[in-house]
Amino acid sequence: MSRSKRRHKVRLPNPNGLPLAGILETPQGTTHGFALFAPCFTCGKDVLAASRICRRLADHGIATLRLDFTGLGDSAGDFSESNFSSNVADLISAARFLRDEYQPADLLIGHSFGGAAVLAAAEFIPEARAVVTIASPADPKHVLKQFGSALEIIQQEGQAELQLSRRPFVIRKQFVDDVLGIQEGHIHKLGRPLLIYHSPIDQVVSIDEAADIYSRALHPKSFISLDDADHLLSERADALYVADTLAAWAQPHLKARSV
């Protein structure tokens, strides 16, 4: 792709008024639509999968905002006080920012835990015309499997420090209680086209989760296998494949609001 693009660092307030950091990748040429990208659990906007996918989408004319959730990356706040519900609230704030400062988000895209978040946030972002999940669980409580034996410590002592993505994070009981309290039903009520990406060899989130999302969602819905990709899409080619196929799939949902 020869189309150049522009990268903008943005700041926007979360529901508590704390600044969230994001990067908006915009095409140099015609912008066909806007997307909001939610990274994986404990990942930030600069994780390779997020940056590669969003840059490639800009090559295809889709401006994409990737976000650091509260307490991660360059965003303010304490990660140990965040949870799934706060992630959803951050996405709603980011969608409001795009609506007010640029144009409404046409696409909601989420990787892993971020995919679960966009599925839940979609109800509160009605302007989004389509939703995309990448290696995502059907329910946010799936993330508790990453905590292993520390989950019991969290439940008994109120918190524990875990090594996640090779970094230490404090997880508090309120996080566990929050994901366990999320009610099912939002996938069935999505009310817009859904595209699901998953690898059959994903060792972090089983492809059975993709099947669960697919079975709960109503049509129109689509599934694309990532074949030999790992959970984090570590290979550049896998991230670019996601972006290229996503851009093609999304075109019918962008045409009516091209700018």
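Position numbers for residues count from 1 along each chain, tracking the sequence in the order it is written. The model is predicted, so local features are restricted to residues of pLDDT at least 70 and side-chain atom pairs to those at 80 or more, both for listing and for counting; the totals for chains, interfaces and linings are taken over all residues. Heavy atoms from the whole structure form the basis of all side-chain values; hydrogens and water molecules are not counted.

**Looking at the packing of helix H1 (residues 48-59) against helix H7 (residues 236-250)**
Here is step 1: Between N-to-C directions, angles span 0 to 180 degrees; the directions come from axes that are lines fitted to C-alpha atoms, helices contributing only their stretch in contact. Secondary structure is summarised from DSSP: a helix means a run of H or I of at least four residues, a strand means a run of E of at least two, and numbering begins at the N terminus for each. Between H1 and H7, whose axes approach to 8 Å, the crossing angle comes to 40 degrees. By the criterion of interaxial angle, the relationship of H1 to H7 is oblique. In the crossing of H1 with H7, the sense of the turn from one axis to the other is right-handed. Only Arg236, Ala239, Leu240, Val242, Ala243, Asp244, Leu246 and Ala247 of H7 make contact with H1, whose side of the interface consists of Arg52, Ile53, Arg56 and Leu57.
Here is step 2: Following the grouping adopted for this structure description, the nonpolar residues are Ala, Val, Leu, Ile, Met, Phe, Trp, Tyr, Cys and Pro, the charged ones are Asp, Glu, Lys and Arg, and the polar ones are all others, Gly among them. Residues that form the contact of H1 with H7 fall into these classes: 8 nonpolar, no polar and 4 charged. Should an angle lie under 35 degrees it is considered roughly parallel, over 145 roughly antiparallel, and from 65 to 115 roughly perpendicular; all remaining angles are considered oblique. When the near helix sits turned anticlockwise from the far one by under a right angle, the crossing is termed left-handed; a clockwise turn instead gives a right-handed crossing. Here, two residues are considered to be in contact whenever any of their heavy atoms come within 4.5 Å of each other.

**A word on the pairing of strand S5 (residues 107-111)**
Here is step 1: Counting buried positions along S5 gives 5 out of 5 residues, so the element sits mostly inside the fold.
Here is step 2: Burial along S5 is two-sided: Leu107, Ile109 and His111 facing one way and Leu108 and Gly110 facing the other are all buried.
Here is step 3: Here, any two strands with at least 2 DSSP bridges between them count as paired. The pairing of strand S3 (residues 33-38) with S5 spans 4 bridges and is parallel. Across the sheet, the residue bridging to phenylalanine 37 is isoleucine 109, located in S5. Burial status follows relative accessibility: with a 1.4 Å probe on protein chains alone, a residue under 20% of its type maximum counts as buried, one over 50% as exposed, and anything between as partly exposed.

**Examining the nonpolar core**
Here is step 1: Residues Leu36, Phe41, Leu65, Leu91, Phe147 and Ile171 are the most contacted members of the largest nonpolar core, which totals 56 residues.
Here is step 2: No other element matches helix H2 (residues 84-101), which puts 8 residues into this core.
Here is step 3: Phenylalanine 41 has contacts with Phe79, Phe113, Val143, Gln146, Phe147, Leu164, Ser165, Ile171 and Phe175, leaving out every residue within four places of it along the chain.
Here is step 4: Counting residues in each nonpolar core, the second largest holds 28 residues, with Ala35, Leu233, Ala243 and Trp249 among its members. In this description, a nonpolar core means a group of buried Ala, Val, Leu, Ile, Met, Phe, Trp, Tyr and Cys residues linked to one another through side-chain atoms lying within 4.5 Å.

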